[in-house]
Amino acid sequence: MLPTTFQLNSDNYHTNEANQHYMSVSQFKSAMECEAKTFAEMRGEFTRPPSTALMVGSYIHAAFQSNKAFIEFRELHHHSIFNSRGNKYRDYEKADDMIETIKNDEFCMFALQGQKEVIYTGELFGVEWKIKVDNINHERRFFSDIKSTQELRKRYWSEKYNTWVSFVQAFDYVLQMWVYREIIYQNTGHYYDPYIVAVTKETPPDKAVLHFDTARFNFEKEYVETMLPSILEAKRGAKKPHYCDKCEYCRAHKKLSGTFEIEYLLD
């Protein structure tokens, strides 16, 4: 990685250049899935196809950032949100229901009181990290994030944990909260409590405000410490990156040199 003389701000936070200088939770998670795609994208050699799920998630987050941010998001992505007749696509109509579900719940809104989109940097295991906190409340010393999911109690099989887990563990939100908590501590001198405001895509949407037993963070710390060195080697070009053989990048670059036993299809 390059020396961290890079001046990080809201305009360049998501750029490839910022990702070259800093590690982040999204970069770590992406590299765990496929190093080849992650670092090809970081070098500008690959552009990830648009994702409706990510767009809808950003739409929901913008609604709670500020009225200005929400209006600007809708204007910028008008053709993705509205059809030719001016009506919203179904995914965004559902997102509106989810937004109203949260806004109509006083406790959910209490958990979302604070500063929005706050950037911090810090060091974990000798590596500079960047985070952008969706919501942080310095007075009450907590931070929170909105997460959407199919159902609150849907179970997922996790190879990482080797058991059935909730969506919070399945999508590495515990890992995210640990990293954010540590970086916030480095910048404030206090450990803030993390919360997830969860809302479902059901009709009507379900909701919950979730907290964390801090004992869960010990595993995430060990996990990041164990996996990070190999990711950094791939990022620096010191080793050939891992190919997942499943994503769009791997499919586009796959070169066959032999056959596979049918068990390969279940991997």
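What you are looking at is a predicted structure, and each value in this text was computed from that prediction instead of being measured.

Enquirer: Hey, could you run me through empty space enclosed by the protein in this one?
Expert: To find leftover empty space, a probe the size of one water molecule is rolled over the atoms. A complete count under the given rule lists 1 cavity of 30 Å³ or more for this structure. Roughly 80 Å³ of internal volume is contained in the largest cavity. Contributing to the lining of the largest cavity are His61, Phe64, Gln65, Leu112, Lys116, Glu117, Asp134, Asn135, Ser144, Asp145 and Ile146. Among the elements of the structure, helix H4 (52-65), strand S1 (115-124), strand S2 (127-137) and strand S3 (142-149) are those that each provide at least two residues to the lining of the largest cavity. Residue composition of the lining of the largest cavity, by class: 3 nonpolar, 4 polar and 4 charged.

Enquirer: How do you make sense of the packing of aromatic side chains when you look at a structure like this?
Expert: Ring pairs (aromatic) are described by centroid distance and by the angle formed between their planes. One pass over the full model with this rule turns up 20 aromatic pairs. Pairing Phe107 with Phe110 gives two aromatic rings, centres 6.3 Å apart and planes at 25°, and the pair type is stacked. With Phe107 and Phe110 both in helix H8 (residues 106-110), this residue pair falls 3 residues apart, about one helical turn. With a relative accessible area of 53%, Phe107 lands in the exposed category. Ring geometry for Phe143 against Tyr180: centres 6.4 Å apart, planes inclined by 35°, an arrangement best described as tilted. Taken as a pair, Phe143 in strand S3 and Tyr180 in helix H10 (residues 173-188) lie far apart in primary sequence, 37 residues in all. Judged on exposure class, the residue Phe143 and its partner Tyr180 are both buried. Among the aromatic residues, ring-to-ring pairing joins Phe28, Trp129, Tyr161, Phe219 and Tyr223 into one connected group. Sitting over the ring of Phe64, Lys103 keeps its end group 5.7 Å from the ring centre. Looking at Lys130, its charged tip hangs above the ring of Tyr13, at a distance of 3.8 Å from the centre.

Enquirer: Please clarify how the packing of helix H3 (residues 35-42) against helix H11 (residues 216-236) should be interpreted in this entry.
Expert: Each pair of packed helices gets described by two things: the angle between the helix axes and the distance between those axes. Relative orientation of the contacting elements H3 and H11 amounts to 45°, with a least axis distance of 10 Å. For the element pair H3 / H11, the angle class is oblique. Once H3 is placed against H11, the crossing between them reads as right-handed. On H11, the residues touching Glu35, Phe39 and Met42 of H3 are Ser230, Ile231, Ala234 and Lys235. Its residues placed into classes, the contact of H3 with H11 shows 4 nonpolar, 1 polar and 2 charged.

Enquirer: What's the story with the pairing of strand S7 (residues 207-210) in this structure? I'm lost.
Expert: Looking down a regular strand, the side chains alternate between one sheet face and the other. Pairing of strand S6 (residues 193-200) with S7 involves 4 bridges; the strand directions are antiparallel. Following the sheet pairing, Val199 is matched in S7 by Lys207. Hairpin connection from S6 to S7: 6 residues lie between these consecutive antiparallel strands.

The rules behind the values
- Residues numbered from 1 in each chain as written.
- Predicted model: local features only at pLDDT ≥ 70, side-chain atom pairs only at ≥ 80, totals over all residues.
- Heavy atoms only, no water.
- 1 Å grid on protein atoms, 1.4 Å probe; cavity = no way out; pocket = protein on both sides within 12 Å on 5 of 7 lines; lining within 4 Å.
- Points joined across faces, edges and corners; volume = space filled by probe spheres on them.
- Helix = DSSP H or I, 4+ residues; strand = E, 2+ residues; numbered from the N terminus.
- Nonpolar A, V, L, I, M, F, W, Y, C, P; charged D, E, K, R; others polar.
- Phe/Tyr/Trp six-rings, centres within 6.5 Å; stacked < 30°, edge-to-face > 60°.
- Buried < 20%, exposed > 50% of the residue type's maximum accessible area, 1.4 Å probe, protein only.
- Lys NZ or Arg CZ within 6 Å of the ring centre and 35° of its normal.
- Axes fitted to C-alpha atoms, helices over the stretch in contact; angles between N-to-C directions.
- Parallel < 35°, antiparallel > 145°, perpendicular 65-115°, else oblique.
- Left-handed = near helix turned anticlockwise from the far one by under 90°.
- Contact = heavy atoms within 4.5 Å.
- Pairing = 2+ DSSP bridges.

By themselves, these figures tell us nothing about what the structure is for.
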